[in-house]
Amino acid sequence: MLTEERQNLILQLLKEKDIVKVQEIMQLTNASESTIRRDLTQLEEKKFLKRVHGGAGRLQGKLNELSVSEKASKNLHQKERIAKFAASLIEEGDSIYLDAGTTTLSMIPFLPQKDIVVVTNGLAHGQQLLEAGYKTYLLGGFIKSKTNALIGRGAVNSLTDYRFDKAFMGANGVHGEYGYTTPDPEEAEVKKKAMDMARESYMLVDHTKFGEISFSKIEDLKNAVIITDEKLEDQHYTKHTTVKVVTS
């Protein structure tokens, strides 16, 4: 099979499902592993797909954003592992920021029973934090129904009143060149401002977010420590920031 035929087949497979494995492509094309990996590298360089462990994944649309309920049902075990590790970084007397998102929401059951103050722009986060007995501040702003996040000028202005020891953030995309991104420019502005107000920032992202690029940039890679669930094949990330891989 010619190179062009193989690569067209790979792209067709990715239209049918989100992830395709190297072994699957080898069986369909009768090509060697090294040949398929070279095809995937070339297609990734052309921005037709993203490399994932053992294969390739389909790139999402720049404006594509799942609802809270849709996000909550994806990669539950991975999110819990990441959230538990992130919560373990919180120390007595910390003021922390919890970004709106399902992974940061998963942190709340694991938060230490210590004297901490929490600021958030997540409506669901605020409710759970209050029920758990934490001193909680909720940002002002416009409520975005799809993500239950407070965004806009009110949220950004609210953030100028606070300073954080640690900010725990989420993103839709993590890319070696384009950094951390999210579909909504207003939400990106709130995320960036929160990171600016923090001494340390942590980006909580599972392996599916790597190689993705959404519409609006939040920050460069160097401006946050990445907490994720799988070792990265692409070493570009570790050259620009610290990556903590949570395996259990």
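Residues numbered from 1 in each chain as written. Predicted model: local features only at pLDDT ≥ 70, side-chain atom pairs only at ≥ 80, totals over all residues. Heavy atoms only, no water.

(A) Examining the overall build of the protein more closely. Secondary structure summary: the protein contains ten helices and 15 strands in total. Computed over the C-alpha atoms, the radius of gyration of the protein is 19 Å, within 12% of the 18 Å expected from 2.2 N^0.38 for a compact globule of 248 residues. In terms of principal-axis extent, the alpha carbons of the protein reach across some 65 × 35 × 30 Å. Here the protein holds 248 residues, and 49% of them are scored as buried. Considering only contacts in the protein between residues 6 or more positions apart, those separated by 24 or more positions represent 59%. (Helix = DSSP H or I, 4+ residues; strand = E, 2+ residues; numbered from the N terminus. Rg over C-alpha atoms; globule rule 2.2 N^0.38 Å. Buried < 20%, exposed > 50% of the residue type's maximum accessible area, 1.4 Å probe, protein only. Contact = heavy atoms within 4.5 Å.)

(B) Region of the structure containing the sheet that holds strand S9 (residues 164-169). Spatially, seven strands are ordered S6-S5-S4-S9-S12-S14-S15 in an open sheet, and the strand pairing comes out parallel. With one partner strand each, in any of the chains shown, strand S6 (135-138) and strand S15 (243-245) form the two edges of the open sheet. When the angles between neighbouring strand axes are averaged without regard to direction, this sheet yields 20°. Where strand S4 (residues 95-98) and strand S5 (residues 117-120) come together, four bridges link them in parallel fashion. Paired with serine 95 across the strands is valine 117, a residue of S5. Sheet strands touched by helix H5 (residues 76-87): S9, strand S12 (198-204), strand S14 (225-228) and S15. Its angle to S14, the strand with the most contacts, is close to 135°. (Pairing = 2+ DSSP bridges. Axes fitted to C-alpha atoms, helices over the stretch in contact; angles between N-to-C directions.)

(C) The sheet that holds strand S11 (residues 179-182), seen in detail. As summarised here, the arrangement of the three strands in space is S10-S11-S13, forming an open sheet in which the pairing is antiparallel. A single partner strand is all that each edge strand has here, and the edge strands are strand S10 (173-175) and strand S13 (216-219). Shown here is a sheet whose adjacent strand axes are inclined to one another by a mean of 35°, direction ignored. Strand direction decides the pairing type here: S11 and S13, joined by three bridges, are antiparallel.

(D) Representation of H5 in the model. The terminal C-alpha atoms of H5, which comprises twelve residues, lie 16 Å apart, in line with the 16 Å expected from a rise of 1.5 Å per residue. Gln78, Lys79, Arg81, Ile82, Ala83, Ala86 and Ala87 are the residues of H5 that are buried. (Expected span 1.5 Å × (residues − 1).)

(E) Local environment of the packing of helix H1 (residues 3-16) against helix H2 (residues 22-29). Two elements in contact, H1 and H2, have axes whose closest approach is 11 Å; the angle formed by their N-to-C orientations is 130°. Considering their axes alone, H1 and H2 lie oblique with respect to each other. H2 is crossed by H1, and the crossing has right-handed handedness. Taking contact as the criterion, the partners of Arg6, Leu9, Ile10 and Leu13 in H1 are, on H2, Glu24, Ile25, Leu28 and Thr29. Looking at side-chain class alone, the contact of H1 with H2 contains five nonpolar, one polar and two charged residues. (Parallel < 35°, antiparallel > 145°, perpendicular 65-115°, else oblique. Left-handed = near helix turned anticlockwise from the far one by under 90°. Nonpolar A, V, L, I, M, F, W, Y, C, P; charged D, E, K, R; others polar.)

(F) The pattern of salt bridges, seen in detail. Considering all chains together, one arrives at 15 salt bridges under this definition. Put simply, arginine 58 and aspartate 18 hold a salt bridge, and the shortest N to O gap is 2.4 Å. You can see arginine 58 sitting in the loop between strand S3 (55-57) and helix H4 (68-72) and its partner aspartate 18 sitting in the loop between H1 and strand S1 (19-21), a full 40 residues away along the chain. We classify arginine 58 as partly exposed; its relative accessible area is 32%. A residue is classified by how much of its surface remains accessible, and aspartate 18, at 37% relative accessible area, is partly exposed. Between glutamate 91 and lysine 166 there is a salt bridge, with the nearest N and O atoms lying 3.3 Å from each other. Of the two residues, glutamate 91 sits in the loop between H5 and S4 while lysine 166 sits in strand S9, which places them 75 residues apart along the sequence. (Salt bridge = Lys/Arg side-chain N within 4 Å of Asp/Glu carboxyl O.)

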